[in-house]
Amino acid sequence: MQTTEIDLVIFDCDGVLIDSEIISSKILISQLADAGVSVDFEYFQRWFLGRSFPKVTESVRQTFDVVLPADFEASYRRRLLQAFRTELKATVGVAEIVDNLSRPTCVATSSTPERLRRSLELTGLAHYFGKDVFTASEVKSGKPALDLFFIQPTK
């Protein structure tokens, strides 16, 4: 078996570094219900998880033939960050894993820069990554496209 040296460990944020998926799903499912769209957690996982918010809302508009309120995204983000203040936790054991890595690390996520910054601060993980945090807002095509993984970290 051939081994390869690992030059960089790239972490996703939501569901990997932080335990945010339940919180995000709860807020989005509730907000969609307010807009007349009914989805459950399984639907959220299959169609929304890991995708940028603009891709999610585009999917909702097309699939459910609905016009979302103009403030839908802003309202979602406000409610989500409010919930994060009291509910967000780092994934169990992740701090120890990152702390013990002997390789450079960075974060590549579909989250917005503000959400990523707040998430890492609230969970005490920000100091592990410094400026080596990258979001889909920095590239033409977010995940699942690979663009995000070709940004060069500073380490």
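Above this note sits the structure.
This structure is a prediction, so every number in the text was calculated from the model and none was measured. (Residues numbered from 1 in each chain as written. Predicted model: local features only at pLDDT ≥ 70, side-chain atom pairs only at ≥ 80, totals over all residues. Heavy atoms only, no water.)

Engineer: Explain the overall build of the protein chain to me, using residue names and the numbers behind them.
Structural biologist: Along the backbone of the protein chain there are 7 helices and 3 strands. When the helices and strands of the protein chain are read in sequence order from the N terminus, they spell out β-α-α-α-α-α-β-α-α-β. The 155 residues of the protein chain split such that 39% are buried. Carbon and sulfur atoms make up 53% of the accessible area of the protein chain, which amounts to about 9,200 Å² in all. (Helix = DSSP H or I, 4+ residues; strand = E, 2+ residues; numbered from the N terminus. Buried < 20%, exposed > 50% of the residue type's maximum accessible area, 1.4 Å probe, protein only. Areas by Shrake-Rupley, 256 points an atom, 1.4 Å probe, with all protein chains shown as cover.)

Engineer: Hey, could you go over the nonpolar core for me, with residue numbers and the actual values?
Structural biologist: Membership of the largest hydrophobic core comes to 34 residues, with the highest contact counts inside it found for Leu17, Leu28, Leu32, Phe48, Val60 and Phe129. Where this core is concerned, the elements lending two or more residues are β1 (9-11), α1 (21-34), α2 (41-47), α3 (53-64), α4 (72-87), α5 (94-100), α6 (113-122) and α7 (126-129). Broken down by element, the residue count for this core peaks at 6 residues, all from α4. Ignoring sequence-local partners within four residues, the contact set of Val60 consists of Leu32, Val37, Phe48, Asp65, Val66 and Leu68. (Core = buried A, V, L, I, M, F, W, Y, C linked by side-chain atoms within 4.5 Å. Contact = heavy atoms within 4.5 Å.)

Engineer: Tell me about the packing of aromatic side chains, and name the residues and values.
Structural biologist: Scanning the entire structure with this criterion turns up 9 aromatic pairs. A ring pair is formed by Tyr43 and Trp47, whose centres lie 6.2 Å apart and whose planes are at 40°; its orientation type is tilted. On the criterion of helical spacing, the pair formed by Tyr43 and Trp47 is a turn pair, its members being 4 residues apart in helix α2. One aromatic cluster is present, formed by Phe41, Tyr43, Phe44, Trp47, Phe48 and Phe64 through successive ring pairs. (Phe/Tyr/Trp six-rings, centres within 6.5 Å; stacked < 30°, edge-to-face > 60°.)

Engineer: Quick rundown of α4? Include the residues and the values.
Structural biologist: Helix length check: α4, at 16 residues, gives a terminal C-alpha distance of 22 Å against a target of 22 Å (1.5 Å per residue), a fit within 8%. Every buried residue of α4 is accounted for by Phe72, Ser75, Tyr76, Arg77, Leu80, Leu81, Ala83 and Phe84. Buried-residue contacts for α4 involve α1, α3 and α6. (Expected span 1.5 Å × (residues − 1).)

Engineer: For the sheet that holds β1, give the residues involved together with the corresponding values.
Structural biologist: Spatial strand order, β1-β2-β3: 3 strands in an open sheet with parallel pairing. Edge strands, defined here as strands with exactly one partner in the open sheet, are β1 and β3 (133-135). Direction aside, the axes of adjacent strands within the sheet are offset by 25° on average. In this sheet, β3 lies alongside strand β2 (residues 105-109) in parallel orientation, the contact comprising 3 bridges. Residue pairing for β3: Thr109 is matched across the bridge by Thr135. Sitting on the sheet, α6 is in contact with β2 and β3, with an inclination near 145° to β3. (Pairing = 2+ DSSP bridges. Axes fitted to C-alpha atoms, helices over the stretch in contact; angles between N-to-C directions.)

Engineer: How would you sum up α3? Please name residues and give values.
Structural biologist: With 12 residues, α3 ought to run about 16 Å at 1.5 Å a step, and its terminal C-alpha atoms sit 16 Å apart, in line with that. The complete set of buried residues in α3 reads Phe53, Val56, Thr57, Ser59 and Val60. All buried residues of α3 fall inside an arc of 155° around its axis, so they share one side. Close packing links the buried residues of α3 with α1 and α4. Following α3 by one or two positions, Asp65 adopts a phi angle in the positive range, close to 50°. (Arc of directions from axis to C-beta.)

Engineer: Please set out the packing of α1 against α4 residue by residue, giving values where relevant.
Structural biologist: For the pair α1 and α4, interaxial distance at closest approach is 10 Å and the crossing angle is 145°. The handedness of the crossing between α1 and α4 comes out as right-handed. Here Ile23, Ser24, Lys26, Ile27, Leu28, Ser30, Gln31, Leu32 and Asp34 of α1 come into contact with α4, specifically with Phe72, Ser75, Tyr76, Arg79, Leu80, Ala83, Phe84 and Glu87. A breakdown of the residues in the contact of α1 with α4 according to their chemical character gives 9 nonpolar, 4 polar and 4 charged. (Left-handed = near helix turned anticlockwise from the far one by under 90°. Nonpolar A, V, L, I, M, F, W, Y, C, P; charged D, E, K, R; others polar.)

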